[in-house]
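# Understanding the architecture of this molecule
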Protein chains: 2
Amino acid sequence: MEISELGEFGLIDRLTDGLKNVNDSTVKGVGDDCAILRYPAGKEILVTTDLLLENVHFDLTYVPLKHLGYKSAIVNFSDIYAMNGRPRQITVSLGISRRFAVEHIDALYDGIRHACEVYGVDIVGGDTSASHQGLVISITCIGEAEEGTAVGRDGARDTDLICVSGDLGAAYMGLQLLEREKAASAGQPDFVPDFAGKEYLVERQLKPEARKDIVEALAKAGVKPTAMMDVSDGLSSELLHICKASKTGCRVYEDRIPIDYQTAVMAEELNMNLVTAALNGGEDYELLFTVPLTDHDKVSKIEGVKVIGYVTKPELGSALITRDGGEIPLRAQGWNPLKAEE
Amino acid sequence: MEISELGEFGLIDRLTDGLKNVNDSTVKGVGDDCAILRYPAGKEILVTTDLLLENVHFDLTYVPLKHLGYKSAIVNFSDIYAMNGRPRQITVSLGISRRFAVEHIDALYDGIRHACEVYGVDIVGGDTSASHQGLVISITCIGEAEEGTAVGRDGARDTDLICVSGDLGAAYMGLQLLEREKAASAGQPDFVPDFAGKEYLVERQLKPEARKDIVEALAKAGVKPTAMMDVSDGLSSELLHICKASKTGCRVYEDRIPIDYQTAVMAEELNMNLVTAALNGGEDYELLFTVPLTDHDKVSKIEGVKVIGYVTKPELGSALITRDGGEIPLRAQGWNPLKAEE
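Positions within a chain are numbered from 1, following the residues in the order the chain's sequence is written. The naming scheme follows written order: chains are lettered A onward, ligands numbered 1 onward. Whole-chain, interface and lining totals are the exception, using all residues; otherwise, since this is a predicted model, local features are given only for residues with pLDDT of at least 70 and side-chain atom pairs are given and counted only at 80 or more. Only hydrogens and water are set aside; all other atoms, that is, all heavy atoms of the structure, feed into the side-chain values.

## A short note on the sheet that holds strand β2 (residues 35-37) of chain A
- DSSP calls a pair of strands paired once it identifies at least 2 bridges connecting them. Secondary structure is summarised from DSSP: a helix means a run of H or I of at least four residues, a strand means a run of E of at least two, and numbering begins at the N terminus for each. Pairing is mixed in the open sheet, where six strands are placed in the order β1(A)-β2(A)-β3(B)-β6(B)-β4(B)-β5(B). Every interior strand has two partners, whereas the edge strands, β1 (26-28) of chain A together with β5 (122-130) of chain B, have only one. Adjacent strand axes in the sheet meet at a mean angle of 25°, parallel and antiparallel pairs treated alike.
- The pairing of strand β4 (residues 86-96) of chain B with strand β6 (residues 136-146) of chain B spans nine bridges and is classified as antiparallel. Of the residues in β6 of chain B, the one forming a bridge with Thr91 of chain B is Thr140 of chain B.
- Contacts from helix α1 (residues 3-16) of chain B reach β4 and β5 of chain B, with the element oriented near 170° to β5 of chain B. Lines are fitted to the C-alpha atoms to define the axes, a helix being fitted only along its stretch in contact, and any angle between axes, read from their N-to-C directions, falls within 0 to 180 degrees. Should any heavy atoms of two residues lie within 4.5 Å, those residues are considered in contact.

So this is what it looks like as structure tokens:
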């Protein structure tokens, strides 16, 4: 069905049909000039926003629209968890070009709705417009944290331990794999991409999750990180952000960076440096955080968390300690779409 | 200067340099994964968002970037006022194509910052990205209202008075004028557009204001509207939204619709029906609201507010009462970018 048959308001009605709010803080959701939220005293409100543009942040050649919707929501939830908060509401703005049918937008929105169901988040508003410019997705997420529990990137202190959840570099390798299969398929309508043995990489790229479980495990263990970020631009880039904001240096051990087996195989296949991929590959959406040295035993017991280094005085700079004991200064070579334009 | 010289983080630092937060509810602004807000008990939080796309919502041939920035913020503030709230924070996401230099984005952001200064709003976050697709602006605004004072579109009741602020149709006529001068200038590098005697129309299109003053005047007069919206898609469209949400009908008097002299002159010049322009022209950002009949004297005393009709039972439908006493059903012919695509 052509979107023009429905018009803006018809499309919004269709997409938001049957939405149910699950959070007490959502007083009024979609359907008015604004959503109305009410947070009890003692809560801090967290706000984050992400803009995703076709052919900059995603390539519809190999990204299914439902996955794209899911991921668009997840990247925002991840920013809320990265502050030690819980996501509660999102607004969804879509710019839709004429080549999309209503069914395409249904699929995209289904993915967003599914992510919201999984993470307990309400869709409370948005904007929908025609676009001459491909698909545009802008999501703003609102979350909460108990007063005084939100964790910024500026609280890391000398001797703190640096921890990371999950493993790194897989989403980047998934992207390389998808790009390779795309190139191989060019001009071959019957081409079937081969992802055998590399399913994890594809999933990490196309359907990432936000580490709700880690934030909950930290709370349960009684650990409040001193600084935290999610790994969206690459470990190096995020470490440098924390060090800059916290006015510290850091040391990270090459042999402690968690890397999945499939990531290693793929790096080998592509003749790429594995550590470079793990340091600079983005979109892992793992949590990078620092904790006081005294919390060592507590964080060590949390499944899926690894201590990879420590915070230093600023004059020591930020460096990777290689397997042979050498030091290489960390550089932010992360994924930077404004520079990538060149 | 090329934006790629600065990169994403350099550009963000430049744009947000020297930002000062003026609202107590802003605990932490730009610079982390999320902004942190803290609203006291008894406040409701309002959230609205708008997506503006080049060549759909604005034409840079005649829209100066600073004005565009100002207007992008204003349209969001207007949605907060339309709920009887006060805007407090915004996030600003920009997608920037390669043809823009840093100085262009400075101008755009200057306009946004200026609007925030005028209306007392803090810029607390955002996202900045390359775009292959022209300029993309997505702004989310967060505001507040005392608990129980937010006004939706669903509270209008039979016999309520329908009121509107300012005058209608001028922004639409400004757009027609700008489009006419653009067409006339085609291929003529030395062309100087002639806006003499029509400055008000151009200003209404390029530099609209949000009606903070009306919301404050209503509070001062002790009037709480039963329903309220801002006129962004056209009076007809907004009236039908209120009637649908409130399950009512309405009658609006043609001869009471406030229209500026310049709007009338321009309609004459363009051989357009003036009332159609006032009913269906969008982007006026005036406030349309309903009040109980008993508030007649109070609203009549507020400068810049005009009573234009009344709310009826739903079975009477929604109609315009013409100068000769006839009735014409209201239709939503407002500006609808998803339909306009055809």
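## Let's talk about the pattern of salt bridges
- Note on definitions: salt bridges are taken to be side-chain nitrogens of Lys or Arg within 4 Å of carboxyl oxygens of Asp or Glu. One pass over the structure, following the stated rule, counts 50 salt bridges over all chains.
- Arg153 of chain B is the partner of Asp32 of chain A in a salt bridge, and the nearest nitrogen-oxygen pair spans 3.4 Å. One end of the pair, Asp32 of chain A, is in the loop between β1 and β2; the other, Arg153 of chain B, is in the loop between β6 and β7 (161-165), on a second chain. Of the two residues, Asp32 of chain A and Arg153 of chain B, both sit in the buried class.
- The salt bridge involving Glu254 of chain A is made with Arg323 of chain A; its shortest N-O contact spans 3.4 Å. You can see Glu254 of chain A sitting in the loop between β9 (249-253) and α8 (261-269) and its partner Arg323 of chain A sitting in the loop between β12 (318-321) and β13 (327-329), a full 69 residues away along the chain.
- The class of Arg323 of chain A is exposed, set by a relative accessible area of 60%. Burial status follows relative accessibility: with a 1.4 Å probe on protein chains alone, a residue under 20% of its type maximum counts as buried, one over 50% as exposed, and anything between as partly exposed.

## A look at the packing of aromatic side chains
All names here are of chain A.
- Each pair of aromatic rings taken from Phe, Tyr and Trp, with Trp reduced to its six-membered ring, is defined by centres within 6.5 Å and is described as stacked if the planes are under 30 degrees apart, edge-to-face if over 60, and tilted in the remaining cases. Per the counting criterion, the structure on display carries six aromatic pairs over all chains.
- On the basis of an interplanar angle of 50° and a centroid distance of 6.3 Å, the ring pair of Tyr81 and Tyr119 is categorised as tilted. Pair noted here: Tyr81 is in helix α2 (residues 65-81) and Tyr119 is in helix α3 (residues 102-119), with a separation of 38 residues, a long-range link.
- Look at Tyr119 and you get buried, because its relative accessible area is 7%.
- A cation over a ring is seen here: Lys207 above Tyr70, with NZ or CZ 4.3 Å from the ring centre. Whether a charge lies above a ring is judged from NZ of Lys or CZ of Arg, which has to be within 6 Å of the ring centre and within 35 degrees of the ring normal.

## Quick word on the interface of chain A and chain B
- The interface is formed by 73 residues belonging to chain A together with 75 residues belonging to chain B.
- A quick way to say it: buried area is the sum, across both parts, of accessible area lost when two parts are put together, with a 1.4 Å probe. When chain A packs against chain B, the two sides together hide about 6200 Å² of surface, and 55% of this comes from carbon and sulfur.
- Remark: the boundary between chain A and chain B carries 10 salt bridges.
- A salt bridge links Glu44 of chain A to Arg38 of chain B; the nearest nitrogen and oxygen atoms lie 2.3 Å apart.
- We call two N or O atoms a polar contact when they sit within 3.5 Å, provided that within protein one can donate a hydrogen and the other can accept it, with sequence-adjacent residues counted only if both atoms are side-chain atoms. Seen at the junction of chain A and chain B, the total is 20 residue pairs in polar contact (both at pLDDT 80 or more).
- In terms of residue count, the dominant contributor to the side of chain A that touches chain B is strand β3 (residues 43-53) of chain A (10 residues).
- Under this grouping Gly is polar, as are all residues other than the nonpolar Ala, Val, Leu, Ile, Met, Phe, Trp, Tyr, Cys and Pro and the charged Asp, Glu, Lys and Arg. Of the residues contributing to the side of chain A that touches chain B, the split by class is 28 nonpolar, 23 polar and 22 charged.

## Quick notes on the confidence of the model for chain A
- When pLDDT is averaged across chain A, the result is 94; 97% of the residues are at 70 or more.
- Interface confidence for the predicted complex, expressed as ipTM, amounts to 0.93; the pTM equals 0.95. Known as pLDDT, the predictor's confidence for each residue is given on a scale from 0 to 100.

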